[in-house]
Amino acid sequence: MRTLIVLRHAKAAQIAGLLDRERPLTDRGERDAERAGDEIRAAGFAPEAVLCSPALRTRRTAELAFPDAEISYERDIYEAYPDELLDLVRRCDPGLGTVVLCGHNPGVHELALGLAGGDYVFRPGAFAAIRVESPWAELSPGEGRLVTRWDPKEG
């Protein structure tokens, strides 16, 4: 049994003239990123790998949520479609039990819904924990089961 935690970056600032990739988290975003990590640990998950977009807001989200984790920055996560994100997860080490993918909407939300279904919003800082039985390399849409999800505005 494996768990994929799909995490959307926390709330980012809108700053005129700043490149999208360089948008920082707001103060609330910083707090929500830490809370997301706390909620993930409280649910009993111990991420063994964190795959993260190289955009500043995702990097900071992952750093705050998983301060002790080794984070792998994957440029393919930025602006990725759900099938591209799924391909990235399929390349994970087969021995890993819990993987986090920290990225952007709409891709991360569509990935979570595609794997485990459901009907929920995926606001900044939200995550979905999805259990799968197949090896990472064989992961396919519809085979996951949503174990838990968290939204900073609901939690």
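All of the points below concern the structure found in this document. Every residue gets a number counted from 1 within its own chain, in the order that chain's sequence is written. Only residues with pLDDT of at least 70 are given local features in this predicted model, and only at 80 or more are side-chain atom pairs given and counted; all residues enter the totals for whole chains, interfaces and linings. Neither water nor hydrogens contribute to the side-chain values; these are computed over all heavy atoms in the structure.

1. Description of helix 1 (residues 27-42)
How we decide: Per the convention used, a helix needs a DSSP run of H or I reaching at least four residues, while a strand needs a run of E reaching at least two, with both numbered from the N terminus. In this analysis, the expected span of each helix is defined as 1.5 Å times one less than the number of residues it contains. Relative accessibility under 20% of the residue-type maximum defines a buried residue, over 50% an exposed one, and the middle range a partly exposed one, all with a 1.4 Å probe and only protein chains included. The arc in question is formed by the directions pointing from the helix axis toward the C-beta atoms.
Taking 1.5 Å per residue as the helical rise, helix 1 with its 16 residues ought to reach 22 Å, and the 23 Å between its terminal C-alpha atoms agrees with that figure. For helix 1, the full list of buried residues reads G29, D32, A33, A36, G37 and I40. For helix 1, the arc enclosing every buried residue in end-on projection is 140 degrees, short of the 170-degree limit, so these residues lie on one face. What points out from helix 1, more than 90 degrees from its buried face, is the exposed set D27 and A42.

2. Let's talk about the side chain of T98
Note the following rule: Here, two residues are considered to be in contact whenever any of their heavy atoms come within 4.5 Å of each other.
Within the fold, T98 resides in strand 4 (residues 98-103). Those residues within four positions of T98 in sequence are excluded, and the remaining contacts are T3, I5, F45, A46, P47, E48 and A49.

3. A look at the sheet that holds strand 5 (residues 127-132)
Note the threshold: Strand pairing requires that DSSP identify at least two bridges connecting the strands. Fitting a line to C-alpha atoms yields each axis, with helices limited to the stretch in contact; the angle taken between N-to-C directions then spans 0 to 180 degrees.
In space, the six strands of this open sheet follow the order 3-2-4-1-5-6, with mixed pairing throughout. One side of each edge strand has no neighbouring strand; the edge strands of this open sheet are strand 3 (71-73) and strand 6 (145-150). Strand-to-strand, the axes of this sheet are offset by a mean angle of 20 degrees, without reference to chain direction. Bridging between strand 1 (residues 2-8) and strand 5 involves six bridges; their strand directions are antiparallel. Within the sheet, the bridge partner assigned to L4 lies in strand 5 and is I130. Relative to strand 6, helix 1 is tilted by about 140 degrees, and along the sheet it contacts strand 1, strand 5 and strand 6.

4. Structural notes on the packing of helix 1 against helix 2 (residues 56-65)
Defined as follows: Angle categories are assigned with fixed cut-offs, so that under 35 degrees is roughly parallel, over 145 is roughly antiparallel, 65 to 115 is roughly perpendicular, and the rest are oblique. The sense of a crossing depends on the near helix, which, turned anticlockwise from the far helix by less than a right angle, makes the crossing left-handed and, turned clockwise, makes it right-handed. Residues are grouped as follows: Ala, Val, Leu, Ile, Met, Phe, Trp, Tyr, Cys and Pro are nonpolar; Asp, Glu, Lys and Arg are charged; all remaining types, including Gly, are polar.
With their axes 7 Å apart at the nearest point, helix 1 and helix 2 run at an angle of 45 degrees to one another. The pairing of helix 1 with helix 2 is recorded here as oblique in orientation. Relative to helix 2, helix 1 is oriented so that their crossing is right-handed. Where helix 1 approaches helix 2, its residues E30, A33, E34, G37 and R41 are matched on the opposing element by R60, T61, L64 and A65. Per-class residue counts for the contact of helix 1 with helix 2 are three nonpolar, two polar and four charged.

5. Here we look at helix 3 (residues 82-90)
Every buried residue of helix 3 is listed here: P82, L85, L86, L88 and V89. The buried residues of helix 3 occupy one face: seen down the axis, they fall within an arc of 155 degrees.

6. Overview of the packing of aromatic side chains
The description of an aromatic ring pair uses the distance of the two centres, along with the angle that the planes make with each other. Put simply, the rule reads: Each pair of aromatic rings taken from Phe, Tyr and Trp, with Trp reduced to its six-membered ring, is defined by centres within 6.5 Å and is described as stacked if the planes are under 30 degrees apart, edge-to-face if over 60, and tilted in the remaining cases. Both a distance and an angle decide whether a charge sits over a ring: NZ of Lys or CZ of Arg must be within 6 Å of the ring centre and within 35 degrees of the ring normal.
Counted by the stated rule, this structure contains two aromatic pairs. A centroid spacing of 6.1 Å and a plane angle of 50 degrees characterise the contact between Y120 and F122, whose relative ring orientation is tilted. On the basis of relative accessibility, which here comes to 9%, the residue Y120 falls in the buried class. Above the plane of the ring of Y78 lies R21, whose end atom (NZ or CZ) is 3.9 Å from the centre.

7. Focus: the packing of helix 3 against helix 4 (residues 107-116)
Contact geometry for helix 3 and helix 4: axes closest at 8 Å, N-to-C directions at 70 degrees. The orientation of helix 3 with respect to helix 4, classified from their angle, is roughly perpendicular. Listed contacts from helix 4 to P82, L85 and L86 of helix 3 are G107, V108, E110, L111 and L115. Residues of the contact of helix 3 with helix 4, tallied by class, amount to six nonpolar, one polar and one charged.

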